[in-house]
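Fold and geometry: a report
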Amino acid sequence: MIFHALPPKGLFRVSIEKHGDARGFFARTFCTQEFANAGIDVTWCQVNSAFNRKKGTLRGLHFQRPPMADAKLVRCVRGAILDVVVDIRAGSATFGQATCVELNGDNRDMLFIPAGFAHGYQTLTPDVEMLYFHSAPYSKLDEGGLAWDDPALDIPWLLPPTEVSVRDTGHSRLSELEPIAL
Ligand SMILES: Cc1cn([C@H]2C[C@H](O)[C@@H](COP(=O)(O)OP(=O)(O)O[C@H]3O[C@H](C)C(=O)[C@H](O)[C@H]3O)O2)c(=O)[nH]c1=O
């Protein structure tokens, strides 16, 4: 696996390394030791999937608070998305900074997102399938949201949103958010 450090500190784009032959290829999707060698000590306790029928569907921005703050490994297994993370860690020099990365079923890249980041994405094609690894279990009591359309975040969404859940229409703005103290 190849780790590309992204700003802010702790964020990585992770590329798979294909072992190809006449049948196609084989590649690791996760490896505890390879992640540890990259300075990422993480174990996964829940893996989720999401399917998005419409191009322009927008989900997020979501996070969990301590004690259930979770790191994520996100992969777009079909179609394409603009993946967005915002640093909401208390005391971070890059608090409020948004980072955008295109993930798609062709490049098979993944995004490692440390705890303390809000995460969301918009689909750039129809029929997008997502896979998320989580380092903490889902906890409704500890989940939080950040407004995807907060002007203070200035997120360069590429399309007008076509589908947004009711839950994702009422999240806090950055100025109202209690930073995540890890
Ligand atoms: C995450 C989760 C959700 N749920 C229930 C809660 C809701 O009734 C329903 C849909 O959940 P949610 O609206 O959070 O799904 P998304 O909007 O796709 O949010 C997900 O996508 C964004 C971009 C993320 O980063 C989050 O990790 C993840 O929550 O499934 C569960 O029962 N178990 C779970 O682990």
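Residues numbered from 1 in each chain as written. Predicted model: local features only at pLDDT ≥ 70, side-chain atom pairs only at ≥ 80, totals over all residues. Heavy atoms only, no water.

In the nomenclature of an unreviewed UniProt entry, the chain is known as dTDP-4-dehydrorhamnose 3,5-epimerase of Thioclava arctica. UniProt, in the comment section headed Catalytic activity (unreviewed entry), describes the chain in these words: "dTDP-4-dehydro-6-deoxy-alpha-D-glucose = dTDP-4-dehydro-beta-L-rhamnose". Recorded under Function (unreviewed entry), the UniProt text for the chain is reproduced unchanged: "Catalyzes the epimerization of the C3' and C5'positions of dTDP-6-deoxy-D-xylo-4-hexulose, forming dTDP-6-deoxy-L-lyxo-4-hexulose." (UniProt positions renumbered as here; feature names shortened; annotations may be inferred.)

1. Remarks on the sheet that holds strand 10 (residues 110-113)
Pairing between the strands of a sheet is mediated by backbone hydrogen bonds and can be parallel or antiparallel. A sheet is described by the order of its strands in space; here six strands give the open sequence 1-2-10-7-12-5, paired in antiparallel fashion. Each of the sheet's edge strands pairs with one partner strand only, and the pair in question is strand 1 (2-6) and strand 5 (46-52). This sheet shows a mean twist of 20° between the axes of neighbouring strands, independent of strand direction. Strand direction decides the pairing type here: strand 7 (residues 72-78) and strand 10, joined by four bridges, are antiparallel. In the sheet register, Val 74 faces strand 10, and the bridge partner there is Leu 111. (Pairing = 2+ DSSP bridges. Helix = DSSP H or I, 4+ residues; strand = E, 2+ residues; numbered from the N terminus. Axes fitted to C-alpha atoms, helices over the stretch in contact; angles between N-to-C directions.)

2. Points about the environment of Ala 147
As for its position among the elements, Ala 147 is in the segment after strand 13 (143-145). With a relative accessible area of 6%, Ala 147 lands in the buried category. In this structure, the C-alpha to C-alpha distance between Ala 147 and His 62, residues 85 residues apart in sequence, is 9.1 Å. Apart from the residues within four sequence positions on either side, Ala 147 is in contact with Leu 61, Leu 153, His 171, Ser 172 and Arg 173. (Buried < 20%, exposed > 50% of the residue type's maximum accessible area, 1.4 Å probe, protein only. Contact = heavy atoms within 4.5 Å.)

3. So, the nonpolar core
Counting 18 residues, the largest nonpolar core has Leu 61, Val 86, Ile 88, Leu 146 and Trp 157 as the members making the most contacts within it. When residues of this core are traced back to their parent elements, those giving at least two are strand 6 (58-64) and strand 8 (80-87). Counting residues per element, this core draws most heavily on strand 8, which supplies four residues. Those residues within four positions of Val 86 in sequence are excluded, and the remaining contacts are Leu 61, Gly 96, Gln 97, Ala 98, Gly 116, Phe 117, Ala 118, Leu 146, Leu 153 and Ile 155. (Core = buried A, V, L, I, M, F, W, Y, C linked by side-chain atoms within 4.5 Å.)

4. Considering the site of the ligand
Neighbouring residues of the ligand: Gln 46, Asn 48, Arg 59, His 62, Lys 72, His 119, Gly 120, Tyr 121, Tyr 132, His 134, Tyr 138 and Arg 167. Between the ligand and the protein, one listed contact pairs an oxygen atom with a side-chain N or O atom of His 119 at 2.7 Å. In the model, an oxygen atom of the ligand is placed 3.1 Å from a nitrogen or oxygen of the Tyr 132 side chain. Against a free-state accessible area of 650 Å², the protein chains account for coverage of 65% of the ligand. When atoms are counted within 2 Å of each cavity's grid points, the one that captures over half of the ligand is the largest pocket. Among the elements of the structure, strand 5, strand 6, strand 11 (117-123) and strand 12 (128-134) are those that each provide at least two residues to the shell around the ligand. In terms of residue count, strand 11 provides more of the shell around the ligand than any other element does, three residues in total. (Near = heavy atom within 4 Å. Polar contact = N/O pair within 3.5 Å; in protein donor to acceptor, adjacent residues only side chain to side chain. Areas by Shrake-Rupley, 256 points an atom, 1.4 Å probe, with all protein chains shown as cover. 1 Å grid on protein atoms, 1.4 Å probe; cavity = no way out; pocket = protein on both sides within 12 Å on 5 of 7 lines; lining within 4 Å. Sits in = over half its atoms within 2 Å of the grid points.)

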